[in-house]
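An overview of the molecular structure
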Number of protein chains: 2
Amino acid sequence: MTPPKLTRAAFERHLPILQWSKTYTRDTFTSDAVAAVIVTIMLIPQSLAYALLAGLPAEMGLYASILPLVAYAIFGTSRALAVGPVAVVSLMTAAAIGNLGLTNPADYALAAITLAFISGMILTVMGVLRLGFLANFLSHPVIAGFITASGILIASSQLKHIIGVPAEGHTLIQIWGDLLANLTLMNPITLILGVTTLGFLFWVRKGLKPLLLWTGMKPRLADILAKAGPVAAVAATTLVVWFFDLENKGVAIVGTVPMGLPPLTAPSFDPDLWRQLFVSALLISIIGFVESVSVAQTLAAKKRQRIVLDQELVGLGTSNIAAAISGGYPVTGGFARSVVNFDAGSETPAAGAFTAIGILLAALLLTPLLFFLPKATLAATIIVAVLSLVDFSILKKSWGYSKVDFAAVAATVLLTLGLGVETGVSAGVVLSIALFLYKTSRPHVAEVGLVPDTQHFRNILRHKVQTNPELVTLRIDESLYFANARFLEDYIYNRIACDEPIKHVVLMCSAVNEIDMSALESLEAINERLRDLGISLHMSEVKGPVMDRLKRSHFLDDLTGQVYLSQYDAWRVLTGPRAVDSPAADD
Amino acid sequence: MTPPKLTRAAFERHLPILQWSKTYTRDTFTSDAVAAVIVTIMLIPQSLAYALLAGLPAEMGLYASILPLVAYAIFGTSRALAVGPVAVVSLMTAAAIGNLGLTNPADYALAAITLAFISGMILTVMGVLRLGFLANFLSHPVIAGFITASGILIASSQLKHIIGVPAEGHTLIQIWGDLLANLTLMNPITLILGVTTLGFLFWVRKGLKPLLLWTGMKPRLADILAKAGPVAAVAATTLVVWFFDLENKGVAIVGTVPMGLPPLTAPSFDPDLWRQLFVSALLISIIGFVESVSVAQTLAAKKRQRIVLDQELVGLGTSNIAAAISGGYPVTGGFARSVVNFDAGSETPAAGAFTAIGILLAALLLTPLLFFLPKATLAATIIVAVLSLVDFSILKKSWGYSKVDFAAVAATVLLTLGLGVETGVSAGVVLSIALFLYKTSRPHVAEVGLVPDTQHFRNILRHKVQTNPELVTLRIDESLYFANARFLEDYIYNRIACDEPIKHVVLMCSAVNEIDMSALESLEAINERLRDLGISLHMSEVKGPVMDRLKRSHFLDDLTGQVYLSQYDAWRVLTGPRAVDSPAADD
């Protein structure tokens, strides 16, 4: 009865919930529930704040933190990842929809829902087609640069709420230009409220836990209290605004947040809107996926668990589709909340589902209390959260290690700040690939000689080696393919244009992992040219897969020389019994 | 007095005419002049025909064969290249301007002039910035596929003139759809004229020269007469149309061709037009450059001369700018005419300038004679010329050698035929790069062992080698960079998840030409993970440039194992005096 078994295994692979739910115990439940409570407390103000950052009504942040978490609990493979609205994706959502030039808030919300839906479809389809490896084309330094620049952009964009002036824009210059131009409109009460909250939150982050521990409190409790800082700030500032009637003194507040279950929504299927949003949705999908997978892999490694990339795509894809049908906007796995979830002891994705229940209760019961919540408080929450993302050390690190990586990081940072998130991250990816192609198109070629008393060959410029004037051995440090085929021809023709009595050229192919058709044609041309000059062309250390392919062409029949298994064999045969130049005689 | 000398050398490098003109003799002049006469005879009907193919008035073909040739003679480095309108670039010009939806012939001509100007600027700037290597990103198979598909498209597009029906379009389906739909409009006289000319030209190409040689004619003269076939066809069919008044029986003729010097023209500087034409101009520039350089290099190699890529860009760039200011359209070095030029004995670029004088005389004196020239004759000239470009053997060759190259060729051919030249060639380039990146993102990793009685290590799956159960040596057959960093992590984690008592993992880096920052971070993660499992990580045969870079990071300080100069050193140290598994005991 094989078919049913196969079906069962396939089901479990595509529905990870079937795996972990089998061993679910009361203990696991307790751990998950405690983690869920802590994450819920952290997530309520964050969800409201990120919706504000995305330019959406606050309740959409709550809705995006309910059904998507349930979807991820069913389809995701990470046991610690906490899904929901995150800073960078919220900023990208704002940029994507900002480009559309919409004025009606209902259209704006519909665009966000549609963006989540398209992004969900892209991620799910990529997962089904096993395209998870595409995320690898975002190099680590580009991601690091992008996250840092995004953090600066986000913090800057929230300053307007702290000082109470209008400011728009998706680039650093636009934002700061607006801020400075409108500085005279500053609202002093908002400023005091904002700066105080900001100071309080920074202190909670750095100073509260040590203080609580000093009073003798248990570390676990101290941790939870420190995480509750933003909730305390929300409660306190809401009370202050209500009590002193600050709304009528120019302090911007959240206002009416509808009470109740998330609404049932549907994305727009207007082809024009899809066309306009598609590239943005693709970028959001990839950035969201990469951010989420980095967190998930870091946490999984700590418990020797494995993340399945293609299934993660499905998990995040269904989360975004869930967001689209329940009034949310694009979501992904968040760094800070996942770490909190992990530290709080969550053991299975069920913790995410329990968090969803917590946020649902908040949406059902707490929203009237949010009416007087000042926007400055939410902005302060965001600023404190994103400044921890800003880390310029990647610039210094990459400068020291590799100028190419540095160029990619610097371009990503500058273009993200100067031209916005979408241009920045696209340029980072394109530049990384272009620089890689450029490097491989001008490969390192080393002329090698024999290290005395070994069978080993190294660069004549770096090591004391034996050489022979009739034999030139070139080690090509790159696969041979269309982009560097002509370079190799030029290199060899230049090398043999000398007064030495060269009789043999050996191409040492230990680093040649591939010879494509363009390169094969170049090798044929080189072989022919050398034949005309009375020089034989040999090859050594050709790898199995490369040799298999060469055997399928006419090249080996026409080759004037031989293919040697090892460079040492080539050396022995071609230098023969005659004396070779000792290292001292090297020129 | 160094500065003047420097200036002189720089002048000569950028103005190759200063080099060859110094040794110009009467003999060289005679050779060049004879070659010029032959090329002129060949170029007159071709210039008219290709202008027709580009959708332009016939005289623009003549104008494009005058000043551009002079510019190339001054700035170009090839001594045999014949510049002018060519088939593929004419087709691409038709496609580029066809997209604009222009109806007024004057606008159409202005767009062609502007296209030549933009293309000239692109080529010249690329030359000055030394970007000639960019042409290498067009792989040989993609070019071969593109040229073959273009040949089919061009021949198909000319059939309408042969059978005398209207037909438009830039894809095979559009062209043949139009041809078949309009078949009832066929003009029998045009058909007879066209098919007869086509048959005559094919016979001239294949059968005339052997016949002349059989009569005892000297080979040189037989060759020239065979090349004059199209001119004979032009003269004969023009006379037939005039004599039998076929114009009034529905045979399409060239009509009035203005007599005189090429006009002084200027490109449009309308930013909208530039934006619309820019991508087309870029594609035309690159395709034209690649086609031209391939011919030039082939011919230069026969005489041991060298082509300077970056100076060639300047040569072709100034030729196109010259075309734009003298009523022409985009030009490049043509294959057939350059071979004729070479075979006819041209020795310097002056032959091109003399050809220009020949075409100028034709424009001044012969244009009234072209009034009754039937378009069918020009179409037949084009069909015979381009069918020699069609060569499907590249499909078979690449299928046998490499499926990846085959995929790139097949996509280029199908997309060129199905969606037009611009989509086809762009897809070919993008696909070549994407497939290369995909291959490098999943590198070949071989587990290697010692070949007995040598110091050489090969794949345990392909060779009888010695291994040791405590030591796993992995040879990574690719540079390590962002696209494959995660792949390596996964590969190693999977390899060590077994029951063997592994104590050492050695990464043999003879094929690793680069370790970028992303890969460095992956190596750090692997080192840490292996340390937790009590396994040391070693490296061997790390190349000089890679080692230099690793020394600039903290990686070597944290590495749990050693870096060995050769894999044999690693083997000796790590297996120690204990016995190793003999090949027979391999599992």
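Conventions used here
Residues numbered from 1 in each chain as written. Chains lettered and ligands numbered in written order. Predicted model: local features only at pLDDT ≥ 70, side-chain atom pairs only at ≥ 80, totals over all residues. Heavy atoms only, no water. Helix = DSSP H or I, 4+ residues; strand = E, 2+ residues; numbered from the N terminus. Buried < 20%, exposed > 50% of the residue type's maximum accessible area, 1.4 Å probe, protein only. Contact = heavy atoms within 4.5 Å. Areas by Shrake-Rupley, 256 points an atom, 1.4 Å probe, with all protein chains shown as cover. Lys, Arg positive; Asp, Glu negative; His and termini not counted. Charge placed at Lys NZ, Arg CZ, Asp CG, Glu CD. Salt bridge = Lys/Arg side-chain N within 4 Å of Asp/Glu carboxyl O. Buried area = accessible area lost by both parts, 1.4 Å probe. Domains from an automatic or database assignment. UniProt positions renumbered as here; feature names shortened; annotations may be inferred. Axes fitted to C-alpha atoms, helices over the stretch in contact; angles between N-to-C directions. Parallel < 35°, antiparallel > 145°, perpendicular 65-115°, else oblique. Left-handed = near helix turned anticlockwise from the far one by under 90°. Pairing = 2+ DSSP bridges. Patch = residues over 30% accessible without salt bridge, like charges linked within 9 Å, V, L, I, M, F, W, Y side chains within 5 Å. Least-squares fit on C-alpha atoms with pLDDT ≥ 70 in both. Phe/Tyr/Trp six-rings, centres within 6.5 Å; stacked < 30°, edge-to-face > 60°. pLDDT = per-residue confidence, 0-100. Right-handed = clockwise from strand over helix to strand, strands pointing away. Polar contact = N/O pair within 3.5 Å; in protein donor to acceptor, adjacent residues only side chain to side chain. Expected span 1.5 Å × (residues − 1).

Let us now look at the overall build of chain A. In terms of regular secondary structure, chain A is built from 25 helices and eight strands. Once the C-alpha set of chain A is aligned to its principal axes, its extents read approximately 100 × 75 × 60 Å. The 587 residues of chain A split such that 56% are buried. Long-range pairs, those at least 24 residues apart, make up 79% of the contacts in chain A between residues at least 6 apart in sequence. Roughly 24500 Å² of accessible area belongs to chain A as shown, and the carbon and sulfur atoms make up 65% of that amount. Chain A carries 42 positive and 43 negative side-chain charges, and their two centres are separated by 10 Å.

Another point: the pattern of salt bridges. Under the defined criterion, the tally for this structure stands at 24 salt bridges over all chains. Across the pair Arg549(B) and Glu514(B) runs a salt bridge, and its minimum N-O distance is 3.4 Å. Taken together, the residues Arg549(B) in helix 23 (residues 544–551) and Glu514(B) in the loop between strand 6 (504–508) and helix 22 (517–532) connect sequence positions 35 residues apart. Residue classification places Arg549(B) among the partly exposed positions, given a relative accessible area of 21%. Judged by relative accessible area, which is 11%, Glu514(B) ranks as buried. One continuous salt-bridge network, built from bridges that share partners, spans Lys439(A), Glu514(B) and Arg549(B).

Turning to the interface of chain A and chain B, a few remarks are in order. Each side of the interface is counted separately: chain A has 72 residues, and chain B has 72 residues. For the pair chain A and chain B, the two sides together bury roughly 6600 Å², of which 55% comes from carbon and sulfur. The largest contributions to the chain A side of the interface with chain B come from Tyr401(A), Arg486(A) and Met517(A), which together make up 14% of the buried area. Run the count over chain A and chain B and you get eight salt bridges. Glu521(B) is paired through a salt bridge with Lys397(A); the nearest N and O atoms lie 4.0 Å apart. At the level of secondary structure, the elements contributing two or more residues to the side of chain A that touches chain B comprise helix 8 (140–163), helix 13 (271–302), helix 18 (393–401), helix 20 (421–441), helix 21 (485–496), helix 22 (517–532) and helix 23 (544–551) of chain A.

This part takes up the domain arrangement of chain A. You can read the domains of chain A as domain 1 (2–18 + 25–183 + 260–367 + 400–410) and domain 2 (445–585). Inter-centroid distance (C-alpha atoms) of domain 1 of chain A to domain 2 of chain A is 53 Å.

Here the UniProt feature "domain: STAS" (unreviewed entry) sits at residues 461–574 of chain A. Spanning residues 461–574 of chain A, this segment combines 42% helix with 16% strand, and its end C-alpha atoms are found 22 Å apart.

We now examine the packing of helix 3 (residues 26–53) of chain B against helix 16 (residues 350–365) of chain B. Residue and element names in this part refer to chain B. Close contact between helix 3 and helix 16 brings their axes to 8 Å; oriented N to C, the two are set at 45°. Between helix 3 and helix 16, the angle falls in the class oblique. Considering how the two elements wind past one another, helix 3 and helix 16 form a crossing that is right-handed. For the pair helix 3 and helix 16, contact is made by Phe29, Asp32, Ala33, Ala36, Val39, Thr40, Leu43 and Ile44 and by Ala350, Ala351, Phe354, Thr355, Gly358, Ile359 and Ala362, respectively.

Before going further, it helps to spend a moment on the sheet that holds strand 8 (residues 563–564) of chain B. All names here are of chain B. Read from one edge of the open sheet, six strands run 4-3-5-6-7-8, paired in mixed fashion. Of all the strands in the sheet, the pair left with one neighbour each is strand 4 (457–459) and strand 8. In this fold helix 22 packs onto strand 6 and strand 7 (536–540), with an angle of close to 140° to the strand it touches most, strand 7. The strands touched by helix 25 (residues 567–575) are strand 3 (445–450), strand 4, strand 5 (471–476), strand 6, strand 7 and strand 8; relative to strand 6, the strand with the most contacts, the crossing angle is about 175°.

Moving on, we come to a negative patch on the surface. Residue and element names in this part refer to chain A. A grouping of Glu528, Asp532, Asp557 and Asp558 is seen on the molecular surface, where their side chains present a negatively charged patch. Counting only elements with at least two residues in the negative patch, the list comes to helix 22 and helix 24 (555–558). In this structure aspartate 532 comes out as exposed when scored by relative accessible area, which is 54%.

All names here are of chain A. For aspartate 245, which is not glycine, the phi torsion reads 55° and is therefore positive. Within the secondary structure, aspartate 245 sits in the loop between helix 12 (229–244) and helix 13. Taking relative accessible area as the criterion, aspartate 245 reaches 36% and is therefore assigned partly exposed. Even without being glycine, aspartate 453 reaches a positive phi, approximately 65°. Locating aspartate 453 in the fold gives a position in the loop between strand 3 (445–450) and strand 4 (457–459). We classify aspartate 453 as exposed; its relative accessible area is 81%.

When chain A is fitted to chain B, the best match, at an RMSD of 0.1 Å, comes from turning it 180° and sliding it 0.1 Å along the axis. What the superposition gives is, in effect, a two-fold axis relating one chain to the other. Taking C-alpha positions as the reference, the residue of chain A nearest the rotation axis is Ala511(A), at 1.8 Å. Taken as a fraction of all interface residues of chain A, those also at the interface in chain B reach 100%, which identifies the copy contact as same-surface.

Turning to the environment of Lys551(B), a few remarks are in order. Within the element layout of this structure, Lys551(B) appears in helix 23. Here the alpha-carbon distance between Lys551(B) and Val429(B), two residues 122 residues apart in the chain, equals 37 Å.

We now examine the packing of aromatic side chains. In the structure shown here, the tally under the stated rule is 31 aromatic pairs over all chains. Here Phe371(A) and Phe372(A) contribute two aromatic rings whose centre-to-centre distance is 5.0 Å and whose plane-to-plane angle is 80°, an arrangement assigned as edge-to-face. With a relative accessible area of 29%, Phe371(A) lands in the partly exposed category. Among the residues examined, Phe372(A) registers a relative accessible area of 24% and is labelled partly exposed. An aromatic cluster of at least three residues, connected via ring pairs, comprises Phe137(A), Phe436(A), Tyr481(A), Phe482(A), Phe137(B), Phe436(B), Tyr481(B) and Phe482(B).

With that out of the way, let us pick up the confidence of the model for chain A. Residue and element names in this part refer to chain A. Looking at chain A as a whole, the pLDDT averages 87, with 97% of positions reaching at least 70. Contacts of residues 579–587 to residues separated by more than four positions or lying in other chains number 15 contacts, the stretch itself having pLDDT below 50. On the interface metric, ipTM, the complex scores 0.77, and its pTM is 0.78.

By the element assignment, Lys227(B) lies in helix 11 (residues 219–227). The class of Lys227(B) is partly exposed, set by a relative accessible area of 28%.

This part covers the pairing of strand 7 of chain B. Residues in a regular strand project their side chains so that they alternate between the two faces of the sheet. All names here are of chain B. Of all five residues that make up strand 7, five are buried, and the element is covered over most of its length. Burial along strand 7 is two-sided: the face carrying Ser536, His538 and Ser540 and the face carrying Leu537 and Met539 are both buried. Looking at chain direction, strand 6 and strand 7 are connected through five bridges and run parallel. Across the sheet, the residue bridging to leucine 507 is methionine 539, located in strand 7. Each parallel crossover has a hand, and for strand 6 linked through helix 22 to strand 7 it is right-handed.

Below, the discussion takes up the side chain of Ser566(B). When you line up the elements, Ser566(B) lands in the loop between strand 8 and helix 25. Residues within four places of Ser566(B) in sequence aside, it is in contact with His456(A), Ser540(B) and Glu541(B).

All names here are of chain A. As summarised here, the arrangement of the six strands in space is 4-3-5-6-7-8, forming an open sheet in which the pairing is mixed. Looking at the sheet topology across the chains shown, the edges are occupied by strand 4 and strand 8 (563–564). In this sheet, strand 5 (residues 471–476) lies alongside strand 3 in antiparallel orientation, the contact comprising three bridges. For valine 445, the partnering residue across the bridge sits in strand 5 and is isoleucine 476. Contacting strand 3, strand 5 and strand 6 (504–508), helix 21 crosses the sheet at an angle of about 155° to strand 5.

Residues and elements named next belong to chain B. The buried fraction of strand 6 amounts to five of the five residues, a majority that puts the element mostly inside the structure. The side-chain alternation of strand 6 yields two buried faces, one formed by His504, Val506 and Met508 and the other by Val505 and Leu507. Where strand 5 meets strand 6, five bridges bridge the pair, whose relative direction is parallel. Each residue of the ladder has a partner; that of threonine 473, found in strand 6, is valine 506. A crossover connection joins strand 5 to the parallel strand 6 through helix 21 (residues 485–496); in handedness this β-α-β unit is right-handed.

If you trace the backbone, Asp516(A) turns up in the loop between strand 6 and helix 22. Summary of buried charges: Asp516(A) has no salt-bridge partner, and the nearest side chain of opposite charge, Lys439(B), is 5.6 Å away. Of the polar contacts made by the side chain of Asp516(A), one reaches the backbone nitrogen of Ala519(A); its length is 2.9 Å. The residues touching Asp516(A), leaving out its near neighbours within four places in the chain, are Leu480(A), Tyr481(A), Phe482(A), Tyr401(B) and Asp405(B).

Another point: helix 21 of chain A. With twelve residues, helix 21 of chain A extends 17 Å between its outermost C-alpha atoms, agreeing within 8% with the 16 Å of an ideal straight helix rising 1.5 Å per residue. Taken as a whole, helix 21 of chain A has its buried residues at Ala485(A), Arg486(A), Leu488(A), Glu489(A), Ile492(A), Tyr493(A), Arg495(A) and Ile496(A). Elements that come into contact with the buried residues of helix 21 of chain A comprise strand 3, strand 5, strand 6 and helix 22 of chain A together with helix 13 (271–302) and helix 14 (309–325) of chain B.

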